[in-house]
Amino acid sequence: MMGNDVVVCLLLTLVMLLMAAHLRETTGLRYLGVSYLLMSCGLSVLLLRGAVPAVAAIVIQNGCFYAGILLQFAGTQALLGLRARLGPWIAMAVLSETALGFYHQPRHLALRIAIFSATCLVLRMPLLVSLWRNAGRGLVVKLLSGFTVFFMACEIARGVLTVVFGVSRELFKNNILQVSYFAVTLIAGCAIGFLSLVLAAQEATALSERRARRDMLTGALNRMGIEELLAAELSRCRRTHAALSVALLDIDDFKFFNDKDGHSAGDDVLRKIAGCISRNLRPYDACGRIGGDEFLVVFPASGSLEAEVICNRILEAVGHLPSYPNVGRAPTVSIGFTQIDEHDTVEELMNRADEALYAAKRLGKNCAQVKLAPIGAQPSGVALHLSASA
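In what follows, the accompanying structure is described. Quantities reported herein were computed from a predicted structural model and do not represent experimental measurements. Residue indices follow the written sequence of each chain, beginning from 1 at its first position. Residue-level local features of this predicted model are given only where pLDDT is at least 70; pairs of side-chain atoms are given and counted only at 80 or more, and the full residue set underlies all totals for whole chains, interfaces and linings. Side-chain calculation: all heavy atoms of the structure are included, whereas hydrogens and water are not.

## Some remarks on the nonpolar core
The line we're drawing: Only buried Ala, Val, Leu, Ile, Met, Phe, Trp, Tyr and Cys residues count toward a nonpolar core, and they belong to the same one when joined by side-chain atoms within 4.5 Å. Only protein chains enter the area calculation, which uses a 1.4 Å probe; residues under 20% of their type maximum are buried, those over 50% are exposed, and those in between are partly exposed. Here a strand is any run of E in DSSP of at least two residues, a helix any run of H or I of at least four, and the numbering for each starts at the N terminus. Here, residues are in contact when the closest pair of their heavy atoms is within 4.5 Å.
Formed by 40 residues in total, the largest nonpolar core has its most connected members in Tyr66, Leu144 and Leu199. Mapped by element, the contributors of at least two residues to this core are α1 (2-22), α2 (27-47), α3 (54-79), α4 (87-102), α5 (109-133), α6 (139-165) and α7 (176-212). Setting aside its immediate chain neighbours within four residues, Leu199 contacts Thr76, Leu79, Leu80, Val140, Val141 and Leu144. If you look at the next biggest cluster of nonpolar residues, it comprises 33 residues, including Phe254, Leu321, Ile335 and Ala368.

Shown next as structure tokens:
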């Protein structure tokens with residue numbers, strides 16, 4: 001039975017590492033591949049019992065199992081875009097290893113199994129908690145959580161039943177409990193490995209979709225990404241009657257930077273402006289580059305007053321950028337923003353923001369201007385603190 005476990009672990013290792021080599025961004029797959037490799041090493045040492053000194057065999061095989069469990073946690077966390085904190089769990093594994101090495105005599109076999117099962121149970125807890133917290137991310141995460149619970153239940157059953165009924169010095173001779181444990185954990189291990197591969201494929205697909213909506217130069221959303229987000233927010237506003245504001249931002253005399261200092265300087269200006277925008281947005285705001293030097297900013301659940309505050313913060317941040325020697329000046333931006341009216345289409349909303357942007361350009365640039373829908377169509381309570389365009 002254990003020979004089958006070793007073969008399955010090695011196959012999962014091979015598949016995961018090959019998949020990780022193809023999907024270089026999915027770091028979690030590397031951790032998972034190494035975790036199954038370590039488990040196959042632990043099982044191999046267990047198969048070779050008698051050929052390896054007792055204390056060394058106990059420490060190596062159980063250390064491989066513990067490390068495999070911790071790497072499975074780290075790998076799953078990485079696939080979910082989270083960070084695993086392993087410090088306390090490594091300390092617990094080391095403590096368990098010390099106890100197992102101390103109780104290395106054959107007469108202590110039942111106690112070692114109980115210690116091992118209890119340690120595995122505890123080491124799987126952080127993975128289970130993380131999967132429960134992220135259960136809303138789909139069926140695969142829920143199934144991973146279910147099989148993890150199953151694994152933990154097997155550990156509890158094995159530990160308790162071994163203490164109650166004991167175990168012969170020949171671990172698998174005439175011992176249905178130990179044989180059954182490795183049989184059912186083989187099934188659970190295969191399921192968890194398969195589900196991990198599915199989760200990795202889903203995360204890789206999601207990453208590709210996110211990248212397809214990102215501007216590679218600035219890190220902001222690209223035109224497709226920001227327009228999809230704006231359409232979704234506009235639809236949400238129509239359902240909930242919530243506020244929504246947008247701003248168009250344009251770099252003043254951007255062509256001048258390209259002509260005087262080369263396209264590398266122009267790229268540098270774009271990156272710095274995008275950084276100034278992103279650092280001054282709230283977590284739920286979004287920014288996208290919709291043209292060469294033009295950005296669109298979406299302010300969900302925000303009226304024109306809130307948009308005004310953020311636009312002024314962006315202007316202030318851009319005002320602190322250093323000048324370019326060959327150009328003789330620092331970059332500046334002009335901003336036009338508006339608030340949604342309940343009857344607006346995307347085109348009408350964007351047209352008003354564009355008119356406000358041109359008003360800012362006419363007023364000398366390096367400023368923000370607002371243009372709202374006709375007063376009769378505005379929600380009550382809207383006031384202006386910036387001069388409106390005509």
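## Points about empty space enclosed by the protein
It is the rolling of a water-molecule-sized probe over the atoms that shows where space remains empty. What counts here: Residues are said to line a cavity or pocket when one of their atoms sits within 4 Å of a point; the points come from a 1 Å grid over protein atoms alone, cavities being sets where a 1.4 Å probe fits but cannot get out and pockets being open sets with protein on both sides within 12 Å along at least five of seven lines. Grid points are joined across faces, edges and corners, and a volume is the space filled by probe spheres set on the points. Lys, Arg, Asp and Glu make up the charged group, whereas Ala, Val, Leu, Ile, Met, Phe, Trp, Tyr, Cys and Pro make up the nonpolar group; the residues left over, Gly among them, are polar.
Counted according to the given criterion, the structure contains 1 cavity of 30 Å³ or more. Considered as a void within the structure, the largest cavity measures approximately 40 Å³ in volume. Contributing to the lining of the largest cavity are Gln72, Thr76, Leu127, Leu131, Leu144, Thr148, Ile192 and Ser196. Listed by contribution, the elements that provide at least two residues to the lining of the largest cavity are α3, α5, α6 and α7. A per-class count over the lining of the largest cavity returns 4 nonpolar, 4 polar and no charged.

## Some thoughts on the sheet that holds strand β1 (residues 244-251)
Counted only if it meets this: Being paired, for any two strands, means DSSP has found at least two bridges between them. Lines fitted to C-alpha atoms define the axes here, with helix axes fitted over just the stretch in contact, and angles between the N-to-C directions of these axes take values from 0 to 180 degrees.
One open sheet holds the 5 strands; their spatial order is β2-β3-β1-β4-β5, and the pairing between them is mixed. What marks the edges here is a single partner per strand, and that holds for β2 (286-289) and β5 (368-370). Direction aside, neighbouring strands of the sheet carry axes that sit 20° apart on average. Pairing of strand β4 (residues 333-339) with β5, which is carried by 3 bridges, proceeds in the parallel orientation.

## Some points on unusual backbone geometry
Phi is positive for His241, close to 60°, though the residue is something other than glycine. Tracing the chain through its elements places His241 in the loop between α8 (223-240) and β1. You will see that Asp253, though not glycine, has its phi angle at about 50°, which is positive. Of note, Asp253 is situated in the loop between β1 and α9 (254-279).

## Some points on the pattern of salt bridges
Formally: The term salt bridge refers to a pairing of a side-chain nitrogen on Lys or Arg with a carboxyl oxygen on Asp or Glu at a separation within 4 Å.
For the structure shown, the criterion picks out 13 salt bridges. For Arg236, the salt bridge identified is with Glu233, shortest N-O distance 2.8 Å. With Arg236 and Glu233 both in helix α8, this residue pair falls 3 residues apart, about one helical turn. Look at Glu233 and you get buried, because its relative accessible area is 16%.

## Some thoughts on the pairing of β2
The two faces of β2 match: Ala286 and Gly288 on one face and Cys287 and Arg289 on the other face are all buried. Sheet topology note: the β2/strand β3 (residues 294-300) ladder contains 4 bridges and is antiparallel. The residue bridging Cys287 from the neighbouring strand is Val297, located in β3.

## What to know about the pairing of β4
Let me state the cut-off plainly: If the strands point away from the viewer and the path from the first strand over the helix to the second runs clockwise, then the crossover is right-handed.
In terms of residue burial, β4 counts as a mostly covered element, since 7 of its 7 residues are buried. The sheet contact formed by β1 and β4 spans 7 bridges and is antiparallel. Counted as the bridge partner of Asp250 is Ser334 from β4. With helix α11 (residues 346-362) bridging β4 and its parallel neighbour β5, the resulting β-α-β unit is left-handed.

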